[in-house]
2 protein chains.
Amino acid sequence: MFDTRILLIIALILLTTKAFSIAMKKIHMPQVIGALIAGVLLGPAVFKLVEPNDTIGVIAEFGVIFLLFAAGLETDFRQLKGMLKPSLLISVLGVVVALGGGFGLALLFSKTLGLSVFQSFYIGVVIASMSTSITVEALSEMGKLKTKTGTALLGASVFDDILVIMVLAVTMGIGSNGFSLVTLGIIIVKIIVFFAFATGAGFLVNKLFNWAYARMGEKRRFTVFAIAYCFLMAYLAELFGLADITGAYIAGVAFCSTRCVEFLESKTHWLSYMLFTPVFLANIGIHTSFSGMTSSLILFTLLLVLVAILSKLMGCGLGAKFSKFTNRESLQVGAGMVARGEVSIIVASKGIALGYLGSIMYPSIIVVVLVTVLIAPLMLKAAYPKEPIQPVSGQ
Amino acid sequence: MFDTRILLIIALILLTTKAFSIAMKKIHMPQVIGALIAGVLLGPAVFKLVEPNDTIGVIAEFGVIFLLFAAGLETDFRQLKGMLKPSLLISVLGVVVALGGGFGLALLFSKTLGLSVFQSFYIGVVIASMSTSITVEALSEMGKLKTKTGTALLGASVFDDILVIMVLAVTMGIGSNGFSLVTLGIIIVKIIVFFAFATGAGFLVNKLFNWAYARMGEKRRFTVFAIAYCFLMAYLAELFGLADITGAYIAGVAFCSTRCVEFLESKTHWLSYMLFTPVFLANIGIHTSFSGMTSSLILFTLLLVLVAILSKLMGCGLGAKFSKFTNRESLQVGAGMVARGEVSIIVASKGIALGYLGSIMYPSIIVVVLVTVLIAPLMLKAAYPKEPIQPVSGQ
């Protein structure tokens, strides 16, 4: 039977997440934080209006799938042009150092927090990603988006998504099969087979959509078939033991160079915006618990923030330095990769859903996202030389 | 735990419903029929790929809610201008005669088909509505939309939605409380209280949105708040013992005269189109069973089709005649109200979900929709006088 209480819950989620997002925007904070706070307030941690709930869980899962599909759609390989090597180096070093840093820190706390080696590793994966949107906003505000640093950062962000998706695929494989050289081998073979298949299928779908577009123009039905493809690849990824969001991302990439990609982007954006993303973000808040907030967890969280900041600053900065950027430029690149965002939250929620992470970790991850998002623009500003104030002509 | 099979099921539903809709369109049949057929093929009746499933049920329910919300948004009171009385009379007589006819026929078959009095009544409710879109398409194809008949038909379609929503509200009340004069009184009081509340709230929301629109222009967030309001009213309607779709429709009406209604319409349209409506329609097919198809049910279905056609033709025709339309015009009006569509399907699925109707009734309802949709345009054409073929200038 259909439980009508779900209607009230969704109404509450939409109202509060939007209200808090708007409030955050007013004080120049990321809106995603507002939606998370709304979830925490609604959930068992504060007002106990909404309990964790299977139906909300399914809608939230669709929400992540649509978010990763959108990320795939937005992939712009042209951003790599001329900056392929520096972008790759910056991205790889950033991911490796951040993953290693998070893993190492979690290992140090594994006894106190009761984390297994795999759980410690997963914390590394959570903080391995970066958020492009914050950096892009800060750079374009400063008018520095089209500089050498800006181009390298945009290119690195393309690789970053792909890398995290790959790392997540391997991690999921280890999570469900255990770690040994043999299982690792099997996982890697599975991943290669899946990516080969996905590339082939993506190539066909890309040609098909371009052919259909040339023949009949922009048709509403494209969106339905694209979403069907997204769900199909998400399902297949799970069949291969990878994450559904890996499949969704790959499905998005298949369309990223079609001529109807902007159309698909704008329509699926609305699907996410109006229902699925708010429910996904609120659901994280609803699952957040502060009851296990011990002093060692607080200490761990503070150190995790520090590791998250320093690892990207150093890892990505080093990548830039190796690519013959000047010291100042390397600092700018490092600062531009510090912010964490949706991807960290998505990876964390995935881990919690699968039991790779206790939901007790949510507050820590949210704090990492919050602090890095707030500090990254300030660091970026500091990394650029102060320019003499231009005399304004006229007024 | 999230069952990943749901991803495959949704992918299958989206692919097949869209493919069959396109096929139907090619042979000039309504696309909704294609989606229903796709569901029947996927479901236990034929290929047994998809079993009835709770998650799909929830998405389908959201689908109906969005469809009724959209119907509310599209309400255009200006269509009643100058045709208020004829429209009302045509609509009321059509609904009453069709409801009575369906009820009567079902009562005749109640022994053979094992229908209670209430279940028989519900069959009447299912065939009480009409479908505007088919008529509008046929009329505009003939260039007769802006005639006296066309205006009366458009006006009647506005009242028709409202009437069916009202009848459904009363019926749901009886369904959950049983029928007696006292409960009927209580139900009517509840309905009046709910509609009074909904009108007040709708008035406020309408003002609020117009004020916000004047202040900040078209904002994305309007859509989120509108959907939250839709879910809230759907929930409240259920609290009052009415149907959630009644609340959703009323919520839509609240926005139908705001200055951002077209914006809301287009965005919620995409939400329905890309995911929820296909799942809703396929879900009906999935629940369709032919195993109880006895010869008496087939006979009943054929007679129900006949009653569905004649009741609107006579009821609405009489309404037009009473409004001083000529005989021919009255025939045109009657023919224009014959087609059944989404609303009949929605009411039927609501009834089946609540146990007011056996799922054995789905094929009958689908046949009614199919036949009336096919026959209505032909009847309309026949009801208009043959015009002498215009000599075409040039080629």
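Being a predicted model, the structure only gives us computed values, none of them experimental.

Rules used throughout
- Residues numbered from 1 in each chain as written.
- Chains lettered and ligands numbered in written order.
- Predicted model: local features only at pLDDT ≥ 70, side-chain atom pairs only at ≥ 80, totals over all residues.
- Heavy atoms only, no water.
- Salt bridge = Lys/Arg side-chain N within 4 Å of Asp/Glu carboxyl O.
- Helix = DSSP H or I, 4+ residues; strand = E, 2+ residues; numbered from the N terminus.
- Buried < 20%, exposed > 50% of the residue type's maximum accessible area, 1.4 Å probe, protein only.
- Least-squares fit on C-alpha atoms with pLDDT ≥ 70 in both.
- Contact = heavy atoms within 4.5 Å.
- Buried area = accessible area lost by both parts, 1.4 Å probe.
- Polar contact = N/O pair within 3.5 Å; in protein donor to acceptor, adjacent residues only side chain to side chain.
- Phe/Tyr/Trp six-rings, centres within 6.5 Å; stacked < 30°, edge-to-face > 60°.
- Expected span 1.5 Å × (residues − 1).
- Patch = residues over 30% accessible without salt bridge, like charges linked within 9 Å, V, L, I, M, F, W, Y side chains within 5 Å.
- Areas by Shrake-Rupley, 256 points an atom, 1.4 Å probe, with all protein chains shown as cover.
- Lys, Arg positive; Asp, Glu negative; His and termini not counted.
- Charge placed at Lys NZ, Arg CZ, Asp CG, Glu CD.
- Axes fitted to C-alpha atoms, helices over the stretch in contact; angles between N-to-C directions.
- Parallel < 35°, antiparallel > 145°, perpendicular 65-115°, else oblique.
- Core = buried A, V, L, I, M, F, W, Y, C linked by side-chain atoms within 4.5 Å.

(A) Region of interest: the pattern of salt bridges. Here the structure, examined in full by the defined rule, presents nine salt bridges over all chains. The partner of Arg78 of chain A in a salt bridge is Asp76 of chain A, and the shortest N-O contact between them spans 3.0 Å. Taking the shortest distance from any N to any O, the salt bridge between Asp244 of chain B and Lys350 of chain B comes out at 2.8 Å. Remark: Lys350 of chain B occurs in helix α15 (residues 342-353) and Asp244 of chain B occurs in helix α11 (residues 244-255); sequence separation between them is 106 residues. On the accessibility criterion, Asp244 of chain B (0% relative accessible area) is buried. In this structure Lys350 of chain B comes out as buried when scored by relative accessible area, which is 8%.

(B) Looking closely at the relation of the copies chain B and chain A. Structural alignment of chain B on chain A gives an RMSD of 0.0 Å, achieved by rotating through 180 degrees and translating 0.0 Å along the axis. Read as a symmetry element, the transformation amounts to a two-fold axis. Proximity to the rotation axis, assessed at the C-alpha, singles out Leu271 of chain B in chain B; its C-alpha lies 2.7 Å from the axis. Taken as a fraction of all interface residues of chain B, those also at the interface in chain A reach 100%, which identifies the copy contact as same-surface.

(C) Structural view of the interface of chain B and chain A. Every contact between the two is made by 46 residues of chain B and, on the other side, 46 residues of chain A. In total, about 4500 Å² of surface goes out of reach between chain B and chain A, with carbon and sulfur atoms giving 82% of it. Considering only the surface of chain B that becomes buried against chain A, Leu7, Tyr235 and Met274 of chain B emerge as the three largest contributors, covering 14% of it. Joining chain B to chain A, the criterion identifies zero salt bridges. At the junction of chain B with chain A, the criterion picks out four residue pairs in polar contact (both at pLDDT 80 or more). Of all the secondary-structure elements, those providing two or more residues to the side of chain B that touches chain A are α1 (5-26), α3 (54-73), α10 (221-239) and α12 (261-287) of chain B.

(D) Up close: the packing of aromatic side chains. Within this structure, the stated rule accounts for 35 aromatic pairs over all chains. Pairing Phe62 of chain A with Phe276 of chain A gives two aromatic rings, centres 6.3 Å apart and planes at 45 degrees, and the pair type is tilted. Pair noted here: Phe62 of chain A is in helix α3 (residues 54-73) and Phe276 of chain A is in helix α12 (residues 261-287), with a separation of 214 residues, a long-range link. Phe276 of chain A shares its class with Phe62 of chain A; the two are buried. Each ring, one from Phe69 of chain B and one from Phe255 of chain B, has its centre 6.1 Å from the other, and the planes form 80 degrees; the classification is edge-to-face. Residue Phe69 of chain B is located in helix α3, and its partner Phe255 of chain B is located in helix α11; the two are separated by 186 residues in the primary sequence.

(E) Representation of α11 of chain B within the structure. Residue and element names in this part refer to chain B. Spanning 12 residues, α11 covers 17 Å between terminal C-alpha atoms, matching the ideal 16 Å at 1.5 Å per step. The element α11 is largely enclosed, with a buried count of 11 among its 12 residues. For α11, every residue scored as buried is listed here: Asp244, Ile245, Thr246, Gly247, Ala248, Tyr249, Ile250, Ala251, Gly252, Ala254 and Phe255.

(F) Local environment of a positive patch on the surface. A contiguous patch of positive charge on the surface is contributed by Lys25 and Lys26 of chain A together with Arg215 and Arg220 of chain B. Position of Arg215 of chain B among the secondary structure elements: in helix α9 (residues 181-216). A relative accessible area of 57% means that Arg215 of chain B is categorised as exposed.

(G) Here's a closer look at the side chain of Asn206 of chain A. Residues and elements named next belong to chain A. Structurally, Asn206 is set in helix α9 (residues 181-216). The exposure class of Asn206 is buried, given its relative accessible area of 11%. Within the structure, the side chain of Asn206 is placed 2.9 Å from the backbone oxygen of Ala254, a separation counted as a polar contact. Those residues within four positions of Asn206 in sequence are excluded, and the remaining contacts are Ala254, Ser257 and Thr258.

(H) Layout of the side chain of Ser131 of chain A. Mapped onto the secondary structure, Ser131 of chain A falls in the loop between α6 (117-126) and α7 (132-142). Once residues within four sequence positions are removed from consideration, Ser131 of chain A is found in contact with Ala339, Arg340 and Gly341 of chain A.

(I) Representation of the environment of Val373 of chain B. All names here are of chain B. One can find Val373 in helix α16 (residues 362-383). Of the residues examined, Val373 reaches a relative accessible area of 6% and is grouped as buried. With 168 residues separating them along the chain, Val373 and Val205 place their C-alpha atoms 36 Å apart. The residues contacting Val373, other than those within four sequence positions of it, are Pro30, Ile134, Ala339 and Arg340.

(J) Representation of the packing of α3 of chain A against helix α10 (residues 221-239) of chain A. Residues and elements named next belong to chain A. Close contact between α3 and α10 brings their axes to 11 Å; oriented N to C, the two are set at 110 degrees. With respect to α10, the axis of α3 lies roughly perpendicular. Facing Phe62, Ile65, Phe66 and Phe69 of α3, the residues of α10 in contact are Ala226, Ile227, Cys230, Phe231 and Ala234.

(K) Just the nonpolar core, in detail. In terms of nonpolar packing, the biggest core is built from 272 residues, with Phe62 of chain A together with Phe62 of chain B touching the most fellow members. Leaving out residues up to four positions away in the same chain, Phe62 of chain A has contacts with Phe231 and Phe276 of chain A together with Phe2, Ile6, Leu7, Ile10 and Ile59 of chain B.

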